[in-house]
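Observations on the model geometry
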Amino acid sequence: MVPTDPHFPGAATSGGTSHEICRPALLRRALIRALSLRWVVLAVLVVGAFIYVPIIDNFRVSMTNRDIFTGEISQVGLENYQRLLDDPVVWRALLNNTLYAGLSIVFQVFGAFLLAAMIEGLKSRRIRNLCRAIYFVPSAISTTVTGLLFYFLYQPEVGLLDAGLTSIGLGALSRPWLALEDTAIFGIIAMSQWQGFGYSTLLFSIAIQKIPRELYDAAIMDGAGPVRRLFAITLPMSREMTGLMVIVTITGAFQVFNEIMVMTAGGPNNSSQVLGTWLYQQAFIQNEFGYGAAIAAVIFAVTMLTGALQVWYTSKRRVKL
Amino acid sequence: MTVSPISTQTDGDRFWNALGKTFILSFLVCLAIVVIYPLLWMALSGFKTNAQIFNEPFAFPRSWGFDNYVAAWNQGVRSFLFSSLVVTSASAVCTVLISAWTAYGLSRSRMPGKPLITAMILGGMMLSPTVALIPLVRMMQSLGLYNTHWALILLYTAFRIPFTTFLIRAYMLDLPADLDEAARMDGASEGQIFWRIILPLCAPIIVSSVILHVLFAWNEYLFAMIFTSAQDVQTLPVGLTSLMAKHGTNYAQVFAAMTISAMPIVLLFFAMQKYFIRGLTEGIGK
């Protein structure tokens, strides 16, 4: 197909028979195509240099150890990974990450779904918008601020929680929540639910808004009550968002760091340690970079798994649509 | 008496519906209180004295002086806020500009190896910053960027390009292809097509991308904590923890500092809610 428009760059310069222009035109087109790489070159360089290179380098570091006294670096093979298996804190951290994921799925996926269904069932548009906006506010605030806020809330001397418990006659329950091994991690997870539920509620609200109204009208005609409609229409119609949210929540739960550092720094007695904070402790406090890198490899494995799951899930959905 | 086929509701149904609605409304109100009350407590405690925080946690402040806020501001919050502004705005501009370029190339031009490049850039979304952390420390030290704003600007840009490109690319893919064809016919260069036609059409998603980036960069903690150590380089999330370590016993001042650092982003959220929500929807829903 030869363009006839005189403004077309290829047509303006080329003369002669079609045979003569054939090869230069091909070359030219290849050159133009190669030139369009300029749009992506910066991103490829930045992403390559600061994401891909360090992540690959992490595996090399994980097979080395640095002598604390001489600073000499030695190749130790898989020794750091062996050490992971024998480290009780790693198992505790994995347990805490899993607890984080599990409780977040309960509250920020299923709880948020129910909440979004309640909000979207309201008649007044203004109240719906107000609810979503208010619940979202903590998600916009930095986790350092919310973490510190709850650190104070949980404190026995000033905290609202214990003062509140005492005022309603439950003073016996009051305790230094973050200073006890049994409750520290749950105190942090509770803060995280408070901070994050509004975000997922907003996403579920958007998903529920996309459900065709006719389905509900038909169900009402058939005499289905609100609860019936929730389980027969709203839940199946937002199944895709639910699946996606479960995956995203698990990925997030294995990357927690900020709230733990601010509220307990992993204590007391490593009871609230997660993989991220244990990595920090080992690499940057104990100067065990090799071992820290091995912990990072565990985080890598989990997030790659959930990431692959997410890609599979979204592509499956695309095909169906 | 005949009942019309549409109104199948009996009085009993109506009673249960009303009860259900009342229950739902009161639940939503209680939840709103649970969300708002701690934040209000934080802001109000900034006006109290330490003694009042300890003795009357539920009471309103006795006076409304801004002493704690001023003290917190002078104790370092000013410089943390400045650092946060510099890092957030510089990385937002870099991220969104580079991502828009990249999205244009990936969605509207023919380039060799496009699927591979797309997979590489978008695949970056799956990679967690924590995993890159240890090698990055050495890299930043050898580049001489450790303890500078540049370290954070570079890293925030790099780690947000994948997601931002994903957002903008999805938007650009939905724009009709005839646009470029027509412009090309009129003799417009690729650069002109990008700046004059495609970018303006993408304005809504660009605004959403900027806002989502600001939300991320303003609140980011891991990199900020590892790569900055001097007070004049630290951003708010890290600065707050060092303020806490130094003046942790002066609760009122810490509360004031926390309120100052949360305020800008909350105001931004309420001002730009529409774009916030668009970004979130595009990000996860498409």
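Note that the coordinates shown come from a computational prediction; the quantities given were computed from them, not determined experimentally. (Residues numbered from 1 in each chain as written. Chains lettered and ligands numbered in written order. Predicted model: local features only at pLDDT ≥ 70, side-chain atom pairs only at ≥ 80, totals over all residues.)

1. Remarks on the domain arrangement of chain A
Residue and element names in this part refer to chain A. Using the following cut-off: By convention here, the domain bounds are inherited from an automatic or database domain assignment. The way it works is that DSSP assigns letters per residue, a run of H or I at least four long becomes a helix, a run of E at least two long becomes a strand, and they are numbered from the N terminus. Amino acids are sorted into nonpolar (Ala, Val, Leu, Ile, Met, Phe, Trp, Tyr, Cys and Pro), charged (Asp, Glu, Lys and Arg) and polar (every other residue, Gly among them).
As assigned here, chain A comprises domain 1 (9-79) and domain 2 (84-320). Between the C-alpha centres of domain 1 and domain 2 there is a distance of 37 Å. Of all the elements in the fold, those that place two or more residues in the side of domain 1 that touches domain 2 are helix H3 (38-61) and strand E1 (64-66). With 4 residues, H3 is the single largest residue contributor to the side of domain 1 that touches domain 2. Its residues assigned to classes, the side of domain 1 that touches domain 2 comprises 5 nonpolar, 4 polar and 1 charged.

2. Observations concerning the UniProt feature "transmembrane region" (unreviewed entry) in chain A
Residue and element names in this part refer to chain A. Note the following rule: UniProt positions are given in the numbering used here, feature names are shortened, and annotations may be inferred rather than shown by experiment.
Residues annotated in UniProt with the feature "transmembrane region" (unreviewed entry) correspond here to residues 37-56, 99-122, 134-154, 184-208, 244-269 and 289-313. Here residues 37-56 is 95% helix and 0% strand, with 25 Å between the C-alpha atoms at its ends. Helix makes up 100% of residues 184-208 and strand makes up 0%, while its end C-alpha atoms are separated by 36 Å.

3. A few points about the interface of chain A and chain B
Inclusion rule: Any residue pair is listed as a contact if its two C-beta atoms, each placed from the backbone, are within 7 Å.
With 65 residues of chain A at the interface, the matching set in chain B holds 75 residues. Looking at the side of chain A that touches chain B residue by residue, the class counts come to 48 nonpolar, 13 polar and 4 charged.

4. Points about the UniProt feature "transmembrane region" (unreviewed entry) in chain B
Residues and elements named next belong to chain B. The residues that UniProt annotates with the feature "transmembrane region" (unreviewed entry) are residues 23-44, 80-104, 116-137, 149-172, 193-218 and 251-271. For residues 23-44, the end-to-end C-alpha separation is 31 Å, with 100% helix and 0% strand making up the annotated structure. For residues 193-218, helix accounts for 96% and strand for 0%, while the C-alpha atoms at its two ends are 33 Å apart.

5. Some points on the UniProt feature "domain: ABC transmembrane type-1" (unreviewed entry) in chain A
Here the UniProt-annotated "domain: ABC transmembrane type-1" (unreviewed entry) positions come out as residues 94-310 of chain A. Its end C-alpha atoms 21 Å apart, residues 94-310 of chain A is made of 76% helix and 0% strand.

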